[in-house]
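Structural overview for review
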Amino acid sequence: MSLRPFLKAIVALIVTGLLLPVSVFAAGATATPTGPKTVTVGQTFRVTLTLSNAKDVDTIRMNGSFTQDLLEYKGSAPAGVFQNISPGTFFDQAKGIFSFGAFTLSSHANGSAAIAVLTFRAKKAGDAYVQLTTNSRILSAGEDQLAGTGRLNIKVEEGTPKPEQPQVISPIATPGKLEISLQSSSHPDPNLWYANRNVAVEWVVQGKEVDKIYVGFDQAPEGPAETQKDSSNTFFIATEDGVWYAHLKVVFKDRSIETVDLRVQIDTQAPHAIVPIADQTNIIAGNPNVLRFATLDDASGIDHYDIYFNNILVTSTRAIAYSLASLAAGTYDIRVVAFDRAGNTATGNTSVTLLSSEAPITSNTLYWLQDMWPYLLLAALLLVMGLLAWWFWIVGKRRKGKRKK
Amino acid sequence: MKRGVRYIFVAGAIFSIGAVAHAQTPSSPNFQNSDSATVPAVFSAASSNFKVDASIEALVGNAVSANFGIISGVPLTGPTPVVPPPPPPPPPGGGGGGGGGGTPPPAPTTTPPVVPPPGAYKIPNPTLEYRQYTFKSIQTIKGTRPKEATKIEVNGSTNGVTLFDSLQWKRDLPLFLGLNTIYVQAKDDGKGASDVITGTIERILIGDVNRSRLVDDIDLSLFTRAWKTYTFFADFNEDGVIDDADLSLLASHWNASY
């Protein structure tokens, strides 16, 4: 029996082992995007970021990139135990990058778990991807468990683009032209956030004979719509804050089917508490000094901050810091109001004192008295002596008067 | 009667002169006394390198976990300063001379020895109390002062120092991020001065739970572990509770570094 095949197998195993990425051997956790492999132009779809082999994870940071000319980043939402969005969460459509952070203040993630849902819309046909980069983090009590990240390849196929905005159709039907409109009078703009969980939806279908209409309301971009309706409107209640979709499925007499979806964004919760703070207080006016303020909002995110000095609005800003270097000396009562994208607010206050010069030497009254006591004693003695002299002078004068009498 | 009045005046005048003479001690800010014989005996024992009171030193030992220190001539131990401390004021009587020799002496790590001016003498040391760690930009430092001291200099200045009749003093001290070294010295109105007492306060960047000088996801992860429990380094507003207010402060300092 020849040893050659056996040696070949050994060499192959060693070479394969050397070429495999280090992350495969690491015992840490991995993060991968999962979602549809094929979509059509105009389709809105979700990509779920999933952890594997997680151990007691409390905080995640998913940095990634996507094909910006084929995909449009529509938003992100935390999933699973990660219900709080971290600071520093953002996306840049022009560069095709995103950074999504989330954390949990209660139970932690173990094993396999969904951590976030990213929503994209296919813009153009082609080969697209969503990839997590290795500077992502999977943290447990400050320790990074990240051992590897994944990539999702998506084929975007040609198709009839669905309109993004609700379509306003002509009140007079054009014979032979199919028109379907799905709108919400309570949440008219699908790109805005509303602080209202009661969603009113209306629809118009014309151009073809309708057999049945089904509606649905959930957090999936494309349905299903399973509740039959005979009317042309209905109400839904969103059970929690987030991105919801109203779905309309029209079955025509000719057995053809059309579906329309309407995005509804709801945020009824105020942002987390905000605590503004100055880098320095009781310093000389004109020195570098910065007021810092920020808070988090778990649904729509923070839109802007209004800053008031002594009850006067000085600025509305999206920044989280404001320079105090140009302020004159004095004490300022500062109020910062954080607005989320649905208009919910949280307010915080602080006070800053700016000095005209450095604090002077101070001492309390008792200390002053302590050092002055010899003088006070002398003054008291002189006073007593004066009173005695005056009293003797009066008494002497009276006696003189009596003697004369 | 006239003679009686005259006696009273004479007696009063003598008593007054005596009273003023009695008040002329080194504790008065209004009289100078350069007589070295009046310097307290503690002078000979006091030095910046000696512990003044063992019971006070024990409190220093507890300071690490309690974030609170009281110092009398003994600096708290801590990490190596990255930011150089401000130059200390030259102590009039402190320090010993360096030895000669063939090899160059090591670089001084504390106050360089300064030749005391002619006629200088020592007064007892003040004490210094402070919190070793803080997130705040100002900390009230305080302590006791010897009865001879008419002023307390903090980092070479009496500005902002309040003296109390109970031989206490305090100062609201602005802090830079990182290590702040404090130099405290008691002085009288003459040439008397105590040793320079030193302490170190670390002002931590708000949000920087692991004190890495950067607020990032690692701090957020550690913060989640402290949520509704207690760890001083996650209690950014130092109110004893780790809650939404601290989360806001962490967010407002996100990605901040120094």
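Please refer to the structure higher up on the page.
Being a predicted model, the structure only gives us computed values, none of them experimental.

About the criteria used
Residues numbered from 1 in each chain as written. Chains lettered and ligands numbered in written order. Predicted model: local features only at pLDDT ≥ 70, side-chain atom pairs only at ≥ 80, totals over all residues. Heavy atoms only, no water. Phe/Tyr/Trp six-rings, centres within 6.5 Å; stacked < 30°, edge-to-face > 60°. Helix = DSSP H or I, 4+ residues; strand = E, 2+ residues; numbered from the N terminus. Buried < 20%, exposed > 50% of the residue type's maximum accessible area, 1.4 Å probe, protein only. Lys NZ or Arg CZ within 6 Å of the ring centre and 35° of its normal. Pairing = 2+ DSSP bridges. Polar contact = N/O pair within 3.5 Å; in protein donor to acceptor, adjacent residues only side chain to side chain. Axes fitted to C-alpha atoms, helices over the stretch in contact; angles between N-to-C directions. Core = buried A, V, L, I, M, F, W, Y, C linked by side-chain atoms within 4.5 Å. Contact = heavy atoms within 4.5 Å. Patch = residues over 30% accessible without salt bridge, like charges linked within 9 Å, V, L, I, M, F, W, Y side chains within 5 Å. Areas by Shrake-Rupley, 256 points an atom, 1.4 Å probe, with all protein chains shown as cover. Salt bridge = Lys/Arg side-chain N within 4 Å of Asp/Glu carboxyl O. Lys, Arg positive; Asp, Glu negative; His and termini not counted. Charge placed at Lys NZ, Arg CZ, Asp CG, Glu CD.

**Description of the packing of aromatic side chains**
Under the defined criterion, the tally for this structure stands at 19 aromatic pairs over all chains. Here Phe135(B) and Phe236(B) contribute two aromatic rings whose centre-to-centre distance is 5.3 Å and whose plane-to-plane angle is 85°, an arrangement assigned as edge-to-face. Highlighted residues: Phe135(B) in the loop between strand S4 (133-134) and strand S5 (138-144) and Phe236(B) in the loop between helix H4 (217-226) and helix H5 (244-252), separated in sequence by 101 residues. For the residue pair Phe135(B) and Phe236(B), the accessibility class agrees, reading buried in each case. In textbook terms, an aromatic cluster arises when at least three aromatic residues are bridged by ring pairs, as seen for Tyr133(B), Phe135(B), Phe223(B), Trp227(B), Phe232(B), Phe233(B) and Phe236(B). The ring of Phe252(A) carries Lys208(A) above its face, with NZ or CZ at 4.7 Å from the centroid. Sitting above the plane of the Tyr308(A) ring, Arg335(A) keeps its charged end 4.2 Å from the centroid.

**What to know about the sheet that holds strand S22 (residues 257-266) of chain A**
What links the strands of a sheet is backbone hydrogen bonding, and the strands pair in either a parallel or an antiparallel sense. Residues and elements named next belong to chain A. Read across the sheet, 5 strands follow the order S16-S22-S21-S18-S19 without closing on themselves; strand pairing throughout is mixed. Because the sheet does not close on itself, it has two edges, and the strands there are strand S16 (193-194) and strand S19 (227-229). In the sheet, strand S21 (residues 242-252) pairs with S22 via 10 bridges, with the strands oriented antiparallel. Across the sheet, residue tryptophan 244 finds its bridge partner in S22, namely valine 264.

**Comments concerning the side chain of Glu202(B)**
As for its placement among the helices and strands, Glu202(B) is situated in strand S11 (residues 197-203). At a separation of 2.9 Å, a polar atom in the side chain of Glu202(B) contacts the side chain of Arg211(B).

**Observations regarding the sheet that holds strand S20 (residues 233-237) of chain A**
Residues and elements named next belong to chain A. Taken in spatial order, the 3 strands line up as S15-S17-S20 in an open sheet, and their pairing is antiparallel. Each having just a single partner strand, strand S15 (179-184) and S20 make up the two edges of the open sheet. Each strand of the sheet is rotated relative to its neighbour by a mean of 20°, with strand direction disregarded. Note that strand S17 (residues 198-206) and S20 share 5 bridges and pair antiparallel. Within the sheet, the bridge partner assigned to valine 199 lies in S20 and is phenylalanine 236.

**Considerations on the nonpolar core**
As a rule of thumb, nonpolar side chains are buried together in soluble globular proteins. Leu291(A), Tyr305(A), Phe309(A), Ile334(A), Val336(A), Phe223(B) and Phe236(B) are the most contacted members of the largest nonpolar core, which totals 43 residues. Put simply, the parts of the chain that give this core at least two residues each are strand S26 (302-309), strand S29 (330-340) and strand S30 (345-355) of chain A together with H4 and H5 of chain B. In this view, Ile334(A) contacts Leu291(A), Ile307(A), Tyr308(A), Phe309(A), Gly348(A), Asn349(A), Thr350(A) and Val352(A); residues no more than four positions away in its chain are not counted. One finds Val47(A), Leu71(A), Phe120(A) and Leu132(A) within the second-largest nonpolar core, a separate group that totals 35 residues.

**Thoughts on a positive patch on the surface**
Together, Arg398(A), Arg399(A), Lys400(A), Lys402(A) and Arg403(A) line one region of the surface with positive charge. Here Arg398(A) is to be found in helix H3 (residues 365-404).

**What to know about the environment of Ser76(A)**
All names here are of chain A. For serine 76, the position within the fold is in strand S5 (residues 71-78). With relative accessibility at 26%, the residue serine 76 sits in the partly exposed group. If we skip the residues at most four places from it in the chain, serine 76 touches Thr89, Phe100, Val117 and Leu118.

**Concerning the pairing of strand S9 (residues 178-187) of chain B**
Strand residues, when the strand is regular, have side chains that alternate between the two faces of the sheet. Residues and elements named next belong to chain B. With 10 of its 10 residues buried, S9 lies for the most part within the structure. Pairing of strand S6 (residues 151-154) with S9, which is carried by 4 bridges, proceeds in the antiparallel orientation. By the bridge assignment, isoleucine 152 is partnered in S9 with alanine 186. As paired strands, S9 and S11 are joined by 7 bridges and run antiparallel to one another. Counted as the bridge partner of glycine 178 is arginine 203 from S11.

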